[in-house]
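Listed here are the chains, written in short residue letters.
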Amino acid sequence: KAGVTQTPRYLIKTRGQQVTLSCSPISGHRSVSWYQQTPGQGLQFLFEYFSETQRNKGNFPGRFSGRQFSNSRSEMNVSTLELGDSALYLCASSFVAGGYEQYFGPGTRLTVT
Amino acid sequence: AQRVTQPEKLLSVFKGAPVELKCNYSYSGSPELFWYVQYSRQRLQLLLRHISRESIKGFTADLNKGETSFHLKKPFAQEEDSAMYYCALRSGGYNKLIFGAGTRLAVHP
């Protein structure tokens with residue numbers, strides 16, 4: 001079974017621009033979660049989607065948004081990029097919530113200049 | 001507030017020595033705790049969870065609700081155990097994980 005895939009793997013953007021990151025979950029998984037990883041703040045939960053609905057949201061500004069499609073693929077968008085948005089963005093998929101293991105993707109490394 | 005604390009950024013041991021990676025949590029309710037591991041140039045992966053009470057790669061972790069701890073232990077460290085270890089708490093009924101800052105385990109020959 002193919003693992004969680006994330007595209008692109010690396011991205012360089014300029015302050016003020018917007019960016020869209022993509023995550024394809026493991027086949028059959030319906031839950032997709034996003035995390036931001038930085039050296040200063042560590043791993044922080046962004047949001048979770050299940051059956052195209054956002055079920056949970058972390059403490060991030062409204063510039064961070066996401067969506068999930070009917071095939072469970074998910075995208076996250078960051079608008080008006082700031083230098084502090086430079087991070088590794090991880091996606092994790094799970095069959096459903098409640099005791100099922102989450103499988104993480106390799107991440108997208110976003111650099112904002 | 002829900003929080004996971006891993007007090008050590010780095011734990012350095014010699015091969016064959018016992019290992020204990022500390023994790024303390026703050027959570028109002030029944031916690032569900034996990035240990036995740038990230039080996040060099042690999043993705044984050046689940047090592048073990050408290051509800052399964054199993055031993056993976058020789059590692060065990062016991063949930064101590066009185067001390068609000070979920071320390072990871074291994075009696076004899078191996079060089080291949082060198083990695084970044086994250087303790088995590090699942091919040092609510094969904095898949096939100098609250099991670100600790102992580103502890104880098106370095107096992108020297």
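Our structure's up above, just so we're on the same page.
Residues numbered from 1 in each chain as written. Chains lettered and ligands numbered in written order. Predicted model: local features only at pLDDT ≥ 70, side-chain atom pairs only at ≥ 80, totals over all residues. Heavy atoms only, no water.

The subject of this paragraph is the interface of chain A and chain B. Many descriptions give the size of an interface as the accessible area lost when the pieces come together. Counting from both sides, the interface comprises 22 residues of chain A and, opposite them, 15 residues of chain B. Both sides of the chain A and chain B interface together cover about 1700 Å² of buried area, and 51% of this is carbon and sulfur. Per-residue buried area on chain A facing chain B is highest for A:Leu43, A:Gln102 and A:Phe104; these three make up 32% of the total on that side. One can count zero salt bridges joining chain A with chain B. At the junction of chain A and chain B, the tally comes to eight residue pairs in polar contact (both at pLDDT 80 or more). The biggest single contributor to the side of chain A that touches chain B is strand 4 (residues 31-38) of chain A, with four residues. Broken down by class, the residue content of the side of chain A that touches chain B amounts to nine nonpolar, ten polar and three charged. (Contact = heavy atoms within 4.5 Å. Buried area = accessible area lost by both parts, 1.4 Å probe. Salt bridge = Lys/Arg side-chain N within 4 Å of Asp/Glu carboxyl O. Polar contact = N/O pair within 3.5 Å; in protein donor to acceptor, adjacent residues only side chain to side chain. Helix = DSSP H or I, 4+ residues; strand = E, 2+ residues; numbered from the N terminus. Nonpolar A, V, L, I, M, F, W, Y, C, P; charged D, E, K, R; others polar.)

Turning our eyes to something else, we now look at the state of the cysteines. Taken as a whole and judged by the stated rule, the model has two disulfides over all chains. Bridging A:Cys23 to A:Cys91, the disulfide has an S-S length of 1.7 Å. Across the S-S bond linking A:Cys23 and A:Cys91, the dihedral sits near -45 degrees, which makes this disulfide left-handed. Of this pair, A:Cys23 sits in strand 3 (residues 19-24) while A:Cys91 is found in strand 9 (residues 87-94), placing the two residues 68 residues apart along the sequence. Shown here is the disulfide that connects B:Cys23 with B:Cys87, its sulfur atoms set 2.0 Å apart. Sign of the S-S torsion, about -65 degrees for the bond between B:Cys23 and B:Cys87, identifies this disulfide as left-handed. Note that B:Cys23 is positioned in the loop between strand 3 (19-21) and strand 4 (24-26) and B:Cys87 in strand 9 (residues 83-91), a separation of 64 residues in sequence. Note on accessibility: B:Cys23 and B:Cys87 belong to one class, buried. (Disulfide = S-S within 2.5 Å. Buried < 20%, exposed > 50% of the residue type's maximum accessible area, 1.4 Å probe, protein only.)

Quick look at the pairing of strand 5 (residues 42-50) of chain A now. Residues and elements named next belong to chain A. In terms of residue burial, strand 5 counts as a mostly covered element, since eight of its nine residues are buried. The pairing of strand 4 with strand 5 spans eight bridges and is antiparallel. Looking across to strand 5, one finds that Ser 33 is bridged to Glu 48. Counting the residues between successive antiparallel strands, the hairpin from strand 4 to strand 5 contains three residues. With four bridges connecting them, strand 5 and strand 6 (residues 53-57) associate as antiparallel partners. Its bridge partner being in strand 6, Phe 50 is matched across the sheet by Thr 53. In this antiparallel pair of consecutive strands, strand 5 and strand 6, the connection spans two residues, and Ser 51 shows a positive phi of 50 degrees. (Pairing = 2+ DSSP bridges.)

Inspection of the secondary structure assignment puts B:Ser55 in the loop between strand 6 (45-49) and strand 7 (60-61). With 18 residues separating them in the primary sequence, B:Ser55 and B:Lys73 have C-alpha atoms 9.8 Å apart.

All names here are of chain B. Pairing within the open sheet is antiparallel, and its three strands lie in the order 3-8-7. Bordering the open sheet on either side are strand 3 and strand 7, each of which pairs with just one other strand. Summarising the sheet, strand 3 and strand 8 (residues 72-74) pair through three bridges and their orientation is antiparallel. Each bridged residue has a counterpart across the sheet, and for Leu 21 the counterpart in strand 8 is Leu 72.

With 25 residues, the main nonpolar core has B:Trp35, B:Leu47, B:Leu48, B:Phe70, B:Leu72 and B:Tyr85 as its most contacted residues. Dropping the residues within four chain positions of it, B:Leu48 is found in contact with B:Phe34, B:Trp35, B:Glu54, B:Ile56, B:Phe59, B:Thr60, B:Ala61, B:Phe70 and B:Leu72. Counting residues in hydrophobic clusters, the runner-up holds 21 residues, among them A:Cys23, A:Tyr49, A:Met76 and A:Ala87. (Core = buried A, V, L, I, M, F, W, Y, C linked by side-chain atoms within 4.5 Å.)

Before going further, it helps to spend a moment on the side chain of A:Asp85. Residue and element names in this part refer to chain A. Assignment of secondary structure puts Asp 85 in the loop between strand 8 (74-78) and strand 9. Given the relative accessible area of 4%, Asp 85 is considered buried. Among all residues touching Asp 85, those that are not within four sequence positions of it are Gln 36, Arg 63, Phe 64, Val 78, Thr 80, Leu 110 and Val 112.

A word on the side chain of B:Gln6. Residues and elements named next belong to chain B. Of note, Gln 6 is situated in the loop between strand 1 (3-5) and strand 2 (10-14). A residue is classified by how much of its surface remains accessible, and Gln 6, at 7% relative accessible area, is buried. A polar contact is formed between the side chain of Gln 6 and the backbone nitrogen of Gly 102, at a distance of 3.0 Å. Of note is the side chain of Gln 6, whose polar atom sits 3.5 Å from the side chain of Thr 103.

By themselves, these are just geometric observations and shouldn't be taken as functional.
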